[in-house]
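# Inside the fold
Each chain is listed here by its residues.
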Amino acid sequence: MRYRVLIYTLCVIVILVLQTTVLDFIKVFNVEPNILLVFVVCIALLRGNVEGAVLGLFSGLALDMIAGTTIGFYALLGMYLGFTAGSVNKGLYKDNLLVVVFFTFLFTFAYEILVFILKVLLPSGNITELFYSLRYIILPEAIYNSLLSVLTYIFVIKLNMWLSRLDSRNSGRDKTV
């Protein structure tokens, strides 16, 4: 388990660095993907609501520190996202990529709508901004994240298999000592 925490932490750091540097230059229709959100959804769908919530919380906290806004805003949203995505995983066939694409789209859409409502709509009260944001930011980002979820999920499955082998090898070693 300690390797899993270490590897997840490393992945979050690498994704944040990529998201804040390289992905600024890989915009499609002037929209950047949120790979951190995709990573949290993929882990939550594969591993369940507890790991999803914890990873979402710490990923959101790291995003809060980078964004320089209110500490805890993205952490709370990330925790709810990870918990909700992980709660869905019980009845799913986890090897189906269409399930991952669908839920990544759904959770990205819900996450970005919540961010928009809490950060833009409540302070300004201007509902017309919602339609613009839906058409030019939220829907394209949800589609972009859904497409990236295929590669991310394949990576997460391979990472999970490697970490499971590592955990089983270390648990056998702990019993013999």
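The structure displayed is predicted, hence computed values, not measured ones.

### Let's talk about the pattern of salt bridges
- As enumerated under the stated definition, the model contains three salt bridges in all.
- In this structure, lysine 27 and glutamate 32 form a salt bridge, with 4.0 Å as the shortest nitrogen-oxygen distance.
- In this structure lysine 27 comes out as partly exposed when scored by relative accessible area, which is 40%.
- In this structure, the salt-bridge partner of arginine 47 is glutamate 51, at a minimum N-O distance of 2.7 Å.

### As for the packing of helix α1 (residues 2–20) against helix α2 (residues 35–47)
- Between α1 and α2, whose axes approach to 9 Å, the crossing angle comes to 155°. Taken as axis vectors, α1 and α2 run roughly antiparallel relative to one another. Only Ile35, Leu36, Phe39, Ile43 and Arg47 of α2 make contact with α1, whose side of the interface consists of Arg4, Tyr8, Cys11, Val12, Ile15, Leu16 and Gln19.
- Looking at the contact of α1 with α2 residue by residue, the class counts come to nine nonpolar, one polar and two charged.

### Some remarks on the state of the cysteines
- A complete count under the given rule lists zero disulfides for this structure.
- Here cysteine 11 stays free of any disulfide, with the sulfur of cysteine 42 as its closest cysteine sulfur at 12 Å.
- Overall, the relative accessible area of 0% leaves cysteine 42 in the buried class.

### Structural notes on the nonpolar core
- Ranked by internal contacts, the top residues of the largest apolar core, which has 37 residues, are Tyr8, Val12, Phe39, Leu55, Leu81 and Tyr111.
- Taken together, the elements giving at least two residues each to this core come down to α1, α2, α3 (49–67), α4 (73–88), α5 (97–124) and α6 (128–176).
- Here this core takes 12 residues from α2, the largest share from any one element.
- Setting aside residues no more than four positions away along its own chain, tyrosine 8 makes contact with Phe39, Ile43, Arg47, Glu51, Leu55, Leu159 and Leu163.
- Counting six residues, the second largest nonpolar core, distinct from the first, contains Ile113, Leu121, Leu134 and Ile138.

The rules behind the values
Residues numbered from 1 in each chain as written. Predicted model: local features only at pLDDT ≥ 70, side-chain atom pairs only at ≥ 80, totals over all residues. Heavy atoms only, no water. Salt bridge = Lys/Arg side-chain N within 4 Å of Asp/Glu carboxyl O. Buried < 20%, exposed > 50% of the residue type's maximum accessible area, 1.4 Å probe, protein only. Axes fitted to C-alpha atoms, helices over the stretch in contact; angles between N-to-C directions. Helix = DSSP H or I, 4+ residues; strand = E, 2+ residues; numbered from the N terminus. Parallel < 35°, antiparallel > 145°, perpendicular 65-115°, else oblique. Contact = heavy atoms within 4.5 Å. Nonpolar A, V, L, I, M, F, W, Y, C, P; charged D, E, K, R; others polar. Disulfide = S-S within 2.5 Å. Core = buried A, V, L, I, M, F, W, Y, C linked by side-chain atoms within 4.5 Å.

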